[in-house]
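# Notes for the structure review
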Amino acid sequence: MFVYEKKLQYPIRIANPNPQLAAVIISQYGGPDGELGASLRYLSQRYSMPYPELKGLLTDIGTEELGHLEMVGTIVHQLTRTLTQEQIESAGFANYFVTAGVYPQAASGTPWSAATMAVTGDPIADLTEDLAAEQKARVTYDNILRISDDPDVNDAIRFLREREIVHFQRFGEAIELLRRRLDEKNVYYMNPALNLQA
């Protein structure tokens, strides 16, 4: 069960519109390394985790990623909310604004697809993918910080970047926990079909 608190995980108050920056940040909403894919990846992977602690970790991080999705959507909305029709067209947002306010897509314009997320059912493979996913999200946030000169945007992006690092560390700890438990049963890297309850 999820409990929704009607506030963002971190406050976002962007004063100045910037459609060019919004066009880049939208990748963290629905791009291949964005928050939507991360949340659905982790919430789906939890079903094949053999231990309650790992299921709990994936549930915790997956729901936090939904909060990050909300934050990124808020950033994009605040960067574009006061645009004139001329600004929308000159920034290349005309097609985007015809169909949606904040729509999950990459900066390239490619819509979000479930094909960008990995769920194998193998705990080691999935947790290793999660490490890579968190690093790719961190790199995307690093790149946003390199091109953004908006202190309001950068404040929120830095918060999101820090959370990616924490998630990376937690997934590393999860792999170590899984490895120790599997070693106790003399199972090293394993197939999820093995009976781990025995």
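Higher on the page you've got the structure.
Just so it is clear, the model here is predicted, and its values are computed rather than measured. (Residues numbered from 1 in each chain as written. Predicted model: local features only at pLDDT ≥ 70, side-chain atom pairs only at ≥ 80, totals over all residues. Heavy atoms only, no water.)

### With respect to the overall build of the chain
Summing up its helical and strand segments, the chain has eight helices and zero strands in all. The secondary structure elements of the chain, listed N-terminal to C-terminal, are α-α-α-α-α-α-α-α. Looking at the chain residue by residue over its 198 residues, the buried ones come to 45%. Of all intrachain contacts in the chain linking residues separated by at least 6 positions in sequence, the fraction that spans at least 24 positions is 78%. Carbon and sulfur atoms make up 53% of the accessible area of the chain, which amounts to about 10,300 Å² in all. (Helix = DSSP H or I, 4+ residues; strand = E, 2+ residues; numbered from the N terminus. Buried < 20%, exposed > 50% of the residue type's maximum accessible area, 1.4 Å probe, protein only. Contact = heavy atoms within 4.5 Å. Areas by Shrake-Rupley, 256 points an atom, 1.4 Å probe, with all protein chains shown as cover.)

### Here's the deal with the environment of Tyr29
Here Tyr29 shows up in helix H2 (residues 27–30). Expressed as a C-alpha distance, the spacing of Tyr29 and Glu70, which sit 41 residues apart in the sequence, is 8.4 Å. With sequence-adjacent residues up to four places away left out, Tyr29 is seen in contact with Glu35, Leu36, Leu69, Val72, Gly73, Val102, Tyr103 and Pro104.

### Description of the packing of aromatic side chains
Summed over the entire model, instances satisfying the criterion amount to two aromatic pairs. Residues Tyr10 and Phe159 carry aromatic rings whose centres are separated by 4.6 Å and whose planes lie at 15° to one another, so their mutual orientation is stacked. With Tyr10 in the segment before helix H1 (19–25) and Phe159 in helix H8 (residues 151–184), this pair connects stretches of sequence that are 149 residues apart. For Tyr10, a relative accessible area of 23% puts it in the partly exposed group. With a centroid separation of 5.0 Å and an interplanar angle of 55°, the aromatic rings of Tyr42 and Phe171 are classed as tilted. In this pair, Tyr42 is assigned in helix H3 (residues 35–45) and Phe171 in helix H8, connecting sequence segments 129 residues apart. Phe171 gets classed as buried once you look at its relative accessible area, which sits at 0%. When the ring centre of Tyr51 is taken as origin, the NZ or CZ atom of Arg181, which lies over that ring, is 4.8 Å away. (Phe/Tyr/Trp six-rings, centres within 6.5 Å; stacked < 30°, edge-to-face > 60°. Lys NZ or Arg CZ within 6 Å of the ring centre and 35° of its normal.)

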